[in-house]
Amino acid sequence: MSERKKVIEDGWNFENSYASLPKSFFTPINPTHVPSPELIIFNQPLAAALGLNTQSLQKNGGAEVFAGNRIPKGALPLAQAYAGHQFGHFTMLGDGRAILLGEQITPTGGRVDIQLKGSGETPYSRRGDGRASLGPMLREYIISEAMYALGIPTTRSLAVVKTGDTIIRQTKEIGAILTRVASSHIRVGTFEYVSKWHTSEELRELADYTLQRHFAKPENDVNPYLFLLREVIKRQASLIAKWQLVGFVHGVMNTDNMTISGETIDYGPCAFMDSYDLATVFSSIDLHGRYAYGNQPPIGAWNLARFAETLLPLLHDNQEEAVKLAQDEVSNFINLYHSNWLQGMRLKLGMFDEEKSDESLIKNLLSIMQKHNADYTNTFRALTFNNLDKSDFFSSDEFKNWYKLWQERLSRQQESRESLQQLMKRNNPAIIPRNHRVEEALSAAVNQGDYSVMNHLLDALSNPYEYTPEQNDYSTLPPPSDEPYRTFCGT
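Residues numbered from 1 in each chain as written. Predicted model: local features only at pLDDT ≥ 70, side-chain atom pairs only at ≥ 80, totals over all residues. Heavy atoms only, no water.

Quick look at the side chain of T255 now. Mapped onto the secondary structure, T255 falls in the loop between β12 (248-249) and β13 (271-272). Beyond its immediate sequence surroundings of up to four residues, T255 is in contact with G84, H85, R187, V188, G189, E192, W302, N303 and R306. (Helix = DSSP H or I, 4+ residues; strand = E, 2+ residues; numbered from the N terminus. Contact = heavy atoms within 4.5 Å.)

Next comes the structure, spelled out in structure tokens:
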């Protein structure tokens, strides 16, 4: 038996239910062997929750598994096929540089995908090399784990290994592989792929599998596929509201980057907003602001409309009735999103109850913030502790008038000031992964081989609502720059 085929007992408990779907949904394929894998970072708490032997994986060949050189017992590696609307244009896609090892069954009975990202060429690579470089893989690790700590549904990062390869991009870069954990990798684009090129029965099979994997069984009298659409809409409305509430900009909300499970996925040109501005764009390829911060809710609705279109053959035998059912559900997305967002903003401002004027008060604050380029996170941090500095924003007559109305609003509540502050602390993070801090950590890791900067950042981000003294440095703003911060699709 070759070295590559050896199995190791490190707590892996694989099943492969996705492989039971029609064979055209995926391609069985092993990761490409790499010369000298080295474990750079390992998420021990996550590994333990998955039922893995953390000591064994760190000492006895864990790097070989996370590099794809050794396939754990029970794994059945495959690359998934999917399609997607990329910047509004439909195209065939698939796992071009990612391979699903299998589904780990956790000690609590949960089921999660274990995927290697950057693990080599697949049939869906579209002339790509299937590889990834160290910086983008570490970036996804940092941002995804920060999102998890913020309480936002997300894929997680288990490990990053260096491969010993040199990756050719615009320059020579260090090769790396990320091990990603997800509830599943079923996307809107997965349904688009099956709807476009497969039969209605195969579409039904995918929908039934998705229902069984992710959603409680609907009531007997409910159309299960209408229920599926409704539940996906609910999850996405909640997810995108959470993005907006912390100032997260995904950057590339193509339909292949929207999961059916409701988790954030594919941390490419994403970043967190500093100054509040609805037009904030970080992605270097988003030239027209399609995926700007303020556009994320309507783009979410657009993506869900594409998902609804794939389900039409399952919703009703009559096409017109199917379209009506789909339209009714999708049209409810904005209301659901708005309800989630408004409630979240109330909590950020210490509002235990609801008043009709709340939305106007909230939007007035955001308008003043945008006018004065106020930092989004630090503004709510300052309000939480009533620690208002002498900046132009807090000194402006507009803010002072708003502040008076806000205090009057809070005075009509029965809860104590201490309870109010605790509520705000629970909903306003002291820290986010500031773009300049992330770049600082990546530069030290990639250019100097110094991972201490990244580890300190990860420690600070792991409890974003704690307001510890150690987090203070990470709340400072970047130095002024004439150039806007730009991100790229490297991940």
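This brings us to the environment of I233. With respect to the element layout, I233 can be found in helix α7 (residues 224-246). Given a relative accessible area of 1%, I233 falls into the buried group. Remark: the alpha-carbon pair of I233 and G300, spanning 67 residues in sequence, is separated by 9.0 Å. Aside from chain neighbours lying at most four places away, what touches I233 is L304, E329, V330, F333 and L336. (Buried < 20%, exposed > 50% of the residue type's maximum accessible area, 1.4 Å probe, protein only.)

This paragraph deals with the pairing of strand β6 (residues 89-92). As judged from the four bridges shared by strand β5 (residues 83-86) and β6, these two strands associate in the antiparallel manner. By the bridge assignment, A83 is partnered in β6 with M92. Counted between consecutive antiparallel strands, the loop separating β5 from β6 contains two residues, among which F87 sits at a positive phi close to 50°. (Pairing = 2+ DSSP bridges.)

Next up on the list: the nonpolar core. As a rule of thumb, soluble globular proteins bury nonpolar side chains together. Counting 119 residues, the largest nonpolar core has L138, F191, L228, W402 and W406 as the members making the most contacts within it. Top contributing element to this core by residue count: α7, with 14 residues. Not counting chain neighbours up to four residues away, the residues in contact with L228 comprise F191, A207, T210, L211, F215, I260, F307 and L311. Counting residues in each nonpolar core, the second largest holds 24 residues, with V34, L52, I177 and V181 among its members. (Core = buried A, V, L, I, M, F, W, Y, C linked by side-chain atoms within 4.5 Å.)

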